[in-house]
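Tertiary structure, described
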Amino acid sequence: MSSREQILARVRAAVAGAPEVRIPRDYRTTGAEAGRVERFAERVRDYKAVVHVVPAAEVAATVADALSRRGARRLVVPDGLPERWLSAAPSVERLVDDPPLTAALLDAADGVITGCAVAVAETGTIVLGTGPGQGRRALTLVPDYHLCVVLDEQIVPSVPEAVARLDPARPLTWISGPSATSDIELNRVEGVHGPRTLEVVIAL
Amino acid sequence: MSAGPGTFLGMPAFPKNAEEALEDSQLRFNLRKATHTIRARRQAVVDELPDWAALRAAGKAIKDETLRNLDRYLIQAEEAVTRAGGHVHWAADAAEANRIVIDLVRATGETQVVKVKSMATQEIGLNEALESEGITANETDLAELIVQLGDDWPSHILVPAIHRNRSEIREIFLEHMGEWGRPAPADLTDDPKALAEAARLHLRERFLSAKVGVSGANFLIAETGTLVVLESEGNGRMCLTMPRTLISVVGIEKVLPTWRDLEVFLQLLPRSSTGERMNPYTSTWTGAVEGQEFHLVLLDNGRTKVLADEIGRQALRCIRCSACLNVCPVYERVGGHAYGSVYPGPIGAILTPQLRGTASELDASLPYASSLCGACYDVCPVAIDIPEVLVHLRAKTPHAPAERLGLKVAAWTLDRPSRLRRAQRLASRLRGLLPRRRLPGPGAAWTDTRDVPAVPEESFRDWWNRTEGGAR
Amino acid sequence: MRVALFVTCLNDTLFPGTGKAVVTLLRRLGCEVEFPEGQTCCGQMHVNTGYRDEGVRLARHFLDVFAGYDAVVAPSGSCAAMVREQYPKLADGMGATRPGAFASVHGGRSGFARAVAEVTPRVYDLSEFLVDVLGVTDVGAYFPHRVTYHPTCHSLRGLRVGDRPTRLLRNVRGLELVPLPGADECCGFGGTFAVKNAAVSAAMCADKVANIESTGAEVLCAADNSCLMHIGGTLSRQRTGVRVMHLAEILAATERDVGGPMSREVPAVDPAVNGEAR
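Residues numbered from 1 in each chain as written. Chains lettered and ligands numbered in written order. Predicted model: local features only at pLDDT ≥ 70, side-chain atom pairs only at ≥ 80, totals over all residues. Heavy atoms only, no water.

Going by what an unreviewed UniProt entry lists, chain B is known as Lactate utilization protein and is assigned to Sphaerisporangium album.

In the annotation of an unreviewed UniProt entry, chain A is listed under the name Lactate utilization protein C and assigned to Sphaerisporangium album.

Structure representation (structure tokens):
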């Protein structure tokens, strides 16, 4: 008998005759709509990320301003990123992922700019789904600086609403603040292997 | 110190280990500080959710339902992963799982792998197995790195180096980083930020050149074949994303039926574990993605044996959050090493004896490593009634002959009120003779630190009889 | 109301003053108290140490002795929790995993389960009985001392008595209740744990004692003499001067107790009160 058959047979023998289980789902499946954007901004800030809340028309200026403050000149730009977001930063050198950027090139970049698939207000989470303007996973991992533009309508109040919007077939990365660790005396310290600086522009 | 495969072989029983650990004042201080910090953090983010109790009930039921139909869900997961271009392997025990991983790494021609912290691979002793075949496993989680560099044992599920404080970590980095790769800067301070930075620099080259990654998973979604890994530092993302070949070793109990079930567990786990609303990074992937080769190793290694125990099987609901360790008064004082297993604390005390059996003195002593205070059950996000399982395992574990005799005599006495009365009167007659500060025999364990109460002249029942319930 | 006192084997043998205090208190509040003399032990020590068969036998005995009362009151959170929380589990889980476990128990497993369902909902810890059944939080007690309260694990997390004991204590005249830091942490008793893992148990108690001393209280109060035996034994060994008293003993004390109950030997039941009760 193969290990597969053996394991399945053991499982069946172990649970034979056990009663079926009903799953109560009386937890909240939607969160509070009121104050959704403010809550998201506040909770992303809690993770020590930099957050700007601006009218959609001011995204380009905010992005340009952020890049210049950071001193980011060589920026990874994933395919499908709305052109207008970078329209106020013409001097920034764009690194495009075609052909795929090597790890060394990504490491040498000053940062990466992306959009996102969905964001969660209650937890201050941004989800990247490798869709347009998000790129493959390494693009937002290797560079030390991640600038992310989140649109008002992408922010859902709660975790269940985010799960429902996402496509599991795509690789997803849920990001809640910059890389951090609690490994030293169980105290949170920001900045380990992922981007040490996360900057979020929320476009209203 | 040399690590046995997933077990700390030849260790004496828990009380002896605990006694030694209690002498270590640095350990006591470190553990107290860390566990009290995390307790407060967890409480704050749990209290923030008005529906925590409902989430907990759902989490428990989802896990129970999964276990009830585990055969079906495993087959479903296998089909989904295969459909998405992944390869699925089944391992009945640790040796088979290690063999599968070794063969997969060999096939790539590589001799280095990068690893994300994973309880399952620790349980099976994968690093040692790889090493014996000339393959180096590089741990990339900060705490695992501290443990690996210090040639130490993990002592906590989530924070394996919880027994070390910042200045000890600094010393380990200064002394040993150079032996593995880029040395720590000579002017390294014990500021946690500086320590994290040293780890970042030390590991970065290895990440960027890694060809094979090995991980575990927090969840495996049967419906879609999706794997889910929660982490903080980004080392997980590095190991899951950068290598060309990814091998994930996953216990069969990690299955969740549907994608939707994540809405429950992505709320329960981070808040219970690091006390955050959400952990910094969660990665999900389905099959082979972005040009990777993906292998899933499904691991039994005793889990089906646990599943067969009606009371003990609830331990398989565990999502490895470690909240029970952080509130346990026993763990807080002795740390993880005393439990002699990669699963320490309350969950370890019920999981280890079930996975490994109770043949060794250590494993047989684990169900007793608890005062049954119930704090673990209160915080468990999937409502594992740890005290219930402890008591159940105590009944299944053989007892020492002297203790057995003592409890049999006690039971015989308590079986009849008349016998109890005779014993009470005997004790009252001898009350002047009983020492209050130094009892003989096993009683000495009590009087080492505690006085015994004076035996009264008259028991309550004799008083009641003599006075007709106080009327006379 | 027919109220049965389940004094518990520990109180019966070592702390009769607690039993007497319960009798005094309940009669003062107008209850008719009975002491079913067939009672022995709830079986907690045996079950929790891994001697299930013996424990089940004692549980069956308990259920027989206490059938038919309107309420059963136990001055012990852990014994009350054993009956209410663990008896149903014994009836359920254990019967299934060990079919022979009830062979020597009369009525078998189903008889045991029926008795559990009938008797256990009417078993109360003292503070629950006072607050929930009698509906009183001021029991007319007088105790002019500085007191701190240890909630004990099985009252807190088993029975979930919540703030009932401290509500009762706050209404005691003259009593100054001071909060105990780390109150919800276990004292380290844990039954046979105190002997099997004596070193850890002592370490836990050392922290409990430090917290107690930090309050400056004269008296440590709890609703369970097993924990108090452990903490009190340590307080006494360390010659801290802090004494321990069961909740019942404080609640039973009144202005008539000359000098107040200064020792564990609680004054005998007040004859006048008993006269009324009869």
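Once you've had a look at it, read on.
**A closer look at the overall build of chain B**
Defined as follows: Helix and strand assignments come from DSSP, with helices taken as H or I runs of at least 4 residues and strands as E runs of at least 2, each series counted from the N terminus. We call a residue buried when its accessible area falls under 20% of the maximum for its residue type, exposed when it is over 50%, and partly exposed in between, using a 1.4 Å probe and counting protein chains only. Contacts: residue pairs with any heavy atoms within 4.5 Å of one another. Here, Shrake-Rupley sampling with a 1.4 Å probe gives the accessible areas, and only protein chains in the shown set may cover a residue. Note on charges: Lys and Arg go in the positive column, Asp and Glu in the negative column, and His and the chain ends are not counted at all. A single reference atom marks each charge: NZ on Lys, CZ on Arg, CG on Asp, CD on Glu.
Counting its regular elements, chain B contains 23 helices and 10 strands. Each of the three principal axes of chain B carries a C-alpha extent, and together these read 90 × 55 × 45 Å. With 472 residues in all, chain B has 67% of them scored as buried. For chain B, the proportion of contacts with a sequence separation of at least 24, taken over those separated by at least 6, is 74%. In the structure as shown, chain B presents an accessible area of about 16100 Å², 53% of it carried by carbon and sulfur atoms. Treating the 57 positive side-chain charges of chain B as one cloud and the 60 negative ones as another, the clouds have centres 8 Å apart.

**Comments concerning the nonpolar core**
Heads up, the condition is: Here, the term nonpolar core denotes a set of buried Ala, Val, Leu, Ile, Met, Phe, Trp, Tyr and Cys residues that are joined through side-chain atoms within 4.5 Å.
Membership of the largest hydrophobic core comes to 187 residues, with the highest contact counts inside it found for Phe173(B), Val334(B), Phe62(C) and Tyr87(C). In terms of residue count, helix α5 (residues 77–97) of chain C provides more of this core than any other element does, eight residues in total. Here Phe173(B) is in contact with Leu142(B), Leu145(B), Ile146(B), Leu149(B), Ala184(B), Leu188(B), Leu195(B), Ala198(B) and Ala199(B), once residues within four sequence places are set aside. Trp464(B), Leu5(C), Val22(C) and Ala71(C) belong to the second largest nonpolar core, which has 40 residues in total.

**Here's the deal with the interface of chain A and chain B**
Put simply, an interface is often sized by how much accessible area is lost when its parts join up. Selection criterion: The term buried area refers to how much accessible surface (probe radius 1.4 Å) is lost by two components on association, counted for both of them together. Each reported salt bridge corresponds to a side-chain nitrogen of Lys or Arg within 4 Å of a carboxyl oxygen of Asp or Glu. Charged residues are taken to be Asp, Glu, Lys and Arg, nonpolar residues to be Ala, Val, Leu, Ile, Met, Phe, Trp, Tyr, Cys and Pro, and polar residues to be all remaining types, Gly included. DSSP calls a pair of strands paired once it identifies at least 2 bridges connecting them.
Counting residues at the interface gives 72 residues for chain A, matched by 92 residues for chain B. Looking at the side of chain A facing chain B, the largest losses of area belong to Glu185(A), Leu186(A) and His193(A), adding up to 12% of the total buried there. The interface formed by chain A and chain B includes 13 salt bridges. Between Arg43(A) and Glu48(B) there is a salt bridge whose closest N-O contact spans 3.6 Å. Examining the composition of the side of chain A that touches chain B, we find that 10 residues originate from one element, helix α1 (residues 3–15) of chain A, more than from any other. Residue composition of the side of chain A that touches chain B, by class: 33 nonpolar, 18 polar and 21 charged. Sheet topology places strand β9 (residues 172–175) of chain A next to strand β9 (residues 281–286) of chain B; four bridges connect them, and they run antiparallel.

**Some points on unusual backbone geometry**
The omega torsion across Asp98(A) and Pro99(A) is 0°, close enough to zero to call that bond cis. Backbone geometry at Glu290(B) places phi at a positive 50°, although glycine is not the residue there. Within the secondary structure layout, Glu290(B) lies in the loop between β9 and β10 (293–299). Overall, the relative accessible area of 38% leaves Glu290(B) in the partly exposed class. With a phi angle near 55°, Arg160(C) is a residue other than glycine that sits in the positive phi range. Among the secondary structure elements, Arg160(C) is positioned in the loop between α8 (153–159) and α9 (164–170).

**Considering the pattern of salt bridges**
Under the criterion given, the structure shown has 67 salt bridges over all chains. Taking the shortest distance from any N to any O, the salt bridge between Asp71(B) and Arg12(A) comes out at 2.9 Å. Pair noted here: Asp71(B) is in helix α4 (residues 70–83) and Arg12(A) is in helix α1, and the two residues belong to different chains. The shortest N-O distance in the salt bridge between Arg421(B) and Glu37(C) comes to 3.4 Å. Of this pair, Arg421(B) sits in helix α21 (residues 417–429) while Glu37(C) sits in the loop between β2 (32–34) and α3 (44–49), placing the two residues on different chains.

**A short note on the environment of Thr102(A)**
With respect to the secondary-structure elements, Thr102(A) resides in the loop between β3 (93–95) and α4 (103–108). Taking the C-alpha atoms as reference points, Thr102(A) and Leu139(A), separated by 37 residues in sequence, lie 10.0 Å from one another.

**Topic: the state of the cysteines**
Our working rule: Here, a disulfide means two cysteine sulfur atoms that sit within 2.5 Å of each other.
Summed over the entire model, instances satisfying the criterion amount to zero disulfides over all chains. Counting only cysteine sulfurs, Cys321(B) is the nearest neighbor of Cys318(B), a cysteine outside any disulfide, at a range of 6.6 Å. Looking at the unpaired Cys79(C), the closest cysteine sulfur is the one in Cys42(C), lying at 4.2 Å. Cys79(C) gets classed as buried once you look at its relative accessible area, which sits at 12%.

**Overview of the packing of aromatic side chains**
This is how it is decided: Centres within 6.5 Å make a pair out of two Phe, Tyr or Trp rings, where for Trp the six-membered ring is used; the pair is then stacked when the planes are under 30 degrees apart, edge-to-face when over 60, and tilted otherwise.
Per the stated rule, a full pass over the model turns up 17 aromatic pairs over all chains. Each ring, one from Trp285(B) and one from Phe294(B), has its centre 5.8 Å from the other, and the planes form 90°; the classification is edge-to-face. By relative accessible area, which is 1% here, Trp285(B) ends up buried. For Phe294(B), a relative accessible area of 1% corresponds to the buried category. Both rings, one in Phe62(C) and one in Tyr87(C), keep their centres 5.9 Å apart while their planes meet at 85°; by these two values the pair is edge-to-face.

**Focus on the arrangement of the chains**
The highest contact count of any of the two pairs of chains in contact belongs to chains A and B. Across all C-alpha pairs, the smallest distance from chain A to chain C is 11 Å, and the two are not in contact.

**A few points about the interface of chain B and chain C**
Worth spelling out the cut-off: Throughout this description, a polar contact denotes any pair of N or O atoms lying within 3.5 Å of each other; where both atoms belong to protein, one of them has to be capable of donating a hydrogen while the other can accept it, and for residues adjacent in sequence the pair is counted only when both atoms sit in side chains.
Counting residues at the interface gives 69 residues for chain B, matched by 69 residues for chain C. Counting each side, the surface lost to burial between chain B and chain C is near 5800 Å², with a carbon and sulfur contribution of 58%. It is Arg450(B), Phe460(B) and Trp464(B) that lose the most area in chain B upon contact with chain C, and together they represent 12% of the buried surface on that side. Here chain B is connected to chain C by 11 salt bridges. Inspection of the chain B/chain C interface yields 38 residue pairs in polar contact (both at pLDDT 80 or more). With eight residues, helix α20 (residues 401–415) of chain B is the largest single contributor of residues to the side of chain B that touches chain C. Of the residues contributing to the side of chain B that touches chain C, the split by class is 32 nonpolar, 13 polar and 24 charged.

**Thoughts on the UniProt feature "domain: LUD" (unreviewed entry) in chain B**
Our working definition: UniProt positions are given in the numbering used here, feature names are shortened, and annotations may be inferred rather than shown by experiment.
Per the UniProt annotation, the sites labelled "domain: LUD" (unreviewed entry) are residues 76–288 of chain B. The span residues 76–288 of chain B is 45% helix and 19% strand, and its two end C-alpha atoms sit 17 Å from each other.

**Some thoughts on the domain arrangement of chain B**
Rule in force here: These domain limits were set by an automatic method or by a database of domain assignments.
Partitioning chain B into domains gives domain 1 (14–303) and domain 2 (401–467). One C-alpha centre belongs to domain 1 of chain B, the other to domain 2 of chain B, and the line joining them spans 51 Å.

**Focus: the packing of helix α2 (residues 25–47) of chain B against helix α12 (residues 262–273) of chain B**
All names here are of chain B. Short version of the rule: With axes taken as lines fitted to C-alpha atoms, and helix axes fitted only over the stretch in contact, angles between N-to-C directions fall between 0 and 180 degrees. Under this scheme an angle from 65 to 115 degrees is roughly perpendicular, one under 35 degrees roughly parallel, and one over 145 degrees roughly antiparallel; angles in between are oblique.
One can describe the packing of α2 onto α12 by two numbers: an axis separation of 8 Å at closest approach and a directional angle of 150°. Judged by the inter-axis angle, α2 sits roughly antiparallel to α12. Of the residues in α12, those touching α2 at Ile 38, Arg 42, Val 45 and Val 46 are Arg 271, Ser 272 and Ser 273. Partitioned by chemical class, the residues of the contact of α2 with α12 number three nonpolar, two polar and two charged.

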